[in-house]
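Given next are the chains, with one letter for each unit.
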Amino acid sequence: MKNIQEPCHTFISAQEAADEKNFLESGYLIEPVKEMERLRLIRNTTAEIVGRYLDHSYDDANELLNNVHRYVTNKELNDLRLHTIQQINNTDWLRPAYFHIFQSRLETLVGNELAMQNSVNLSIQLPMDDSSLLPIHADTWSGNSPFEVVAWLPLVDCYKTKSMFILPPDRTKELYANFSELSGSTSEDLFKEMEADLIWIDINYGELLIFNQTLPHGNRINTENETRFSMNSRFKSVFSPYGAKELGAFFEPITLKAATRIGMNFEFPNIKSKSVL
Ligand SMILES: O=C(O)CCC(=O)C(=O)O
Ligand SMILES: [Fe+2]
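Because the structure is predicted, anything quoted here is derived from the model rather than measured. (Residues numbered from 1 in each chain as written. Chains lettered and ligands numbered in written order. Predicted model: local features only at pLDDT ≥ 70, side-chain atom pairs only at ≥ 80, totals over all residues. Heavy atoms only, no water.)

Trainee: Where do I start with the coordination of the iron ion (ligand 2) in this structure?
Mentor: Perfect tetrahedral coordination of a metal by four donors corresponds to 109.5 degrees between them, and perfect octahedral coordination by six donors corresponds to 90 or 180 degrees. H137 (NE2), D139 (OD) and H217 (NE2) make up the full set of protein donors to the iron ion (ligand 2), lying at 2.2 Å. All donors of the iron ion (ligand 2) belong to a single chain; written as a sequence motif, their spacing is H-x1-D-x77-H. Here D139 is found in the loop between β3 (121-125) and β4 (149-154), whereas its partner H217 is found in strand β8 (residues 217-218), with 78 residues between them in sequence. H217 gets classed as buried once you look at its relative accessible area, which sits at 4%. (Donors = N, O, S within 2.8 Å, 3.2 Å for Na, K, Ca; no water. Helix = DSSP H or I, 4+ residues; strand = E, 2+ residues; numbered from the N terminus. Buried < 20%, exposed > 50% of the residue type's maximum accessible area, 1.4 Å probe, protein only.)

Written as structure tokens, this is what we have:
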């Protein structure tokens, strides 16, 4: 009998199935960035804005960002952060570049008709600074839809307390099953309760992270001797349910397809006036 090649009997490839399983089980995905030119543009522009604001000349963007704590006081930090976020979000290329860095992974994990957050956030964590911490939380606790994922991009190498932590899905399930018992606890109590099970994300510049923001996550005082610069923005499938962060105000559709545009503009013809149907 002729040897006919076995047709593919599944809707998704083995690779996609493995990526999906991994994400569901671990709560996050870390991968090398393929769009390095776009990443370099984002990192170098951030460094230029920071260097200009601090009136500090530098040779190496990585070195400047890692050492910003030498040139800025904790008090000046918030102004620097706001200035940098505003300037970089003012470019017309930041959000498209950010999207393209994450695109293929988002298409596997989220969908190909996507809504993106209207802005990209910047996090700067100076060593020993407690002014901009995000204590343990899930974004869904403050009204984000569980259909959103966070796309998180390190502009410097991030490790230990210079990075962020996340609670794995199996441990989160246990926590949520007993959540009412924890009412009245502070986020510090919650952190201590979960501390042994938290995963600290070890990620270098040149890699990307997508995580499940329904899992508890956050950061602590950065006790390493380098400054953290990272960005984050949220994506969701455009027609999945929205939470407090709505389409228009917070999310913008970025990749609508022709059939969806046809459907959105469709008006049923007035059948009363003519008897053609
Ligand atoms: O960057 C961090 O340390 C935490 C980020 C976070 O909570 C988020 O992006 O939802
Ligand atoms: Fe968060």
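We are not done yet, so read on.
Trainee: What's the story with the packing of aromatic side chains in this structure? I'm lost.
Mentor: Any pair of aromatic rings gets described here by the distance separating the centres and the angle formed by the planes. All told, the structure shown has 10 aromatic pairs when counted by the stated rule. Relative to W200, the ring of F165 lies with its centre 5.2 Å away and its plane at 70 degrees, an arrangement referred to as edge-to-face. Pair noted here: F165 is in strand β5 (residues 165-166) and W200 is in strand β6 (residues 199-200), with a separation of 35 residues, a long-range link. A residue is classified by how much of its surface remains accessible, and W200, at 28% relative accessible area, is partly exposed. A cation sits over an aromatic face here: K245 above F250, 4.9 Å from the ring centre. (Phe/Tyr/Trp six-rings, centres within 6.5 Å; stacked < 30°, edge-to-face > 60°. Lys NZ or Arg CZ within 6 Å of the ring centre and 35° of its normal.)

Trainee: It is not clear to me how helix α5 (residues 94-109) should be interpreted in this structure. Could you clarify?
Mentor: Side chains of residues three or four places apart in an α-helix project in the same direction, reflecting 3.6 residues per turn. With 16 residues, α5 should reach 22 Å at 1.5 Å per residue; the first-to-last C-alpha distance of 22 Å fits that figure. The sharpest bend along α5 measures roughly 60 degrees and falls at Q103. Just beyond α5, the residue with positive phi is G111, at close to 150 degrees. (Expected span 1.5 Å × (residues − 1). Bend = angle between axes of the 7 residues up to and from the residue.)

Trainee: Just checking my understanding: could you explain the packing of helix α2 (residues 36-54) against α5 for this structure?
Mentor: For any two helices packed against each other, the geometry comes down to the angle between their axes and how far apart the axes lie. Contact geometry of α2 with α5 gives a least axis separation of 9 Å together with a crossing angle of 135 degrees. As the angle between them shows, α2 and α5 are arranged oblique. As for how α2 packs across α5, the hand of that crossing is left-handed. Only L94, A97, Y98, H100 and I101 of α5 make contact with α2, whose side of the interface consists of R38, L39 and I42. Residues of the contact of α2 with α5, tallied by class, amount to 6 nonpolar, 1 polar and 1 charged. (Axes fitted to C-alpha atoms, helices over the stretch in contact; angles between N-to-C directions. Parallel < 35°, antiparallel > 145°, perpendicular 65-115°, else oblique. Left-handed = near helix turned anticlockwise from the far one by under 90°. Contact = heavy atoms within 4.5 Å. Nonpolar A, V, L, I, M, F, W, Y, C, P; charged D, E, K, R; others polar.)

Trainee: I would appreciate a short explanation of the sheet that holds β6 in the present structure.
Mentor: Either a parallel or an antiparallel arrangement is found when strands of a sheet pair, and the pairing is made through backbone hydrogen bonds. Across the sheet, 3 strands lie side by side as β6-β5-β8; this open sheet has antiparallel pairing. At either margin of the open sheet sits one strand with a lone partner, and together these are β6 and β8. Relative to β8, β5 runs antiparallel, the two sharing 2 bridges. Note that in β8 the partner of F165 across the bridge is G218. (Pairing = 2+ DSSP bridges.)

Trainee: Looking at this model, I keep getting lost on the site of ligand 1. Mind explaining?
Mentor: Every residue near ligand 1 is listed here: L134, H137, D139, V150, W152, M164, F211, H217, N219, R228, N232 and R234. Taking D139, its side chain carries an N or O atom lying 3.0 Å from an oxygen atom of ligand 1. Contact with the protein chains hides 97% of the accessible area of ligand 1, taken as 290 Å² for the molecule alone. For the shell around ligand 1, the secondary-structure elements that each account for two or more residues are β4 and β9 (228-237). A class-by-class count of the residues in the shell around ligand 1 yields 5 nonpolar, 4 polar and 3 charged. (Near = heavy atom within 4 Å. Polar contact = N/O pair within 3.5 Å; in protein donor to acceptor, adjacent residues only side chain to side chain. Areas by Shrake-Rupley, 256 points an atom, 1.4 Å probe, with all protein chains shown as cover.)

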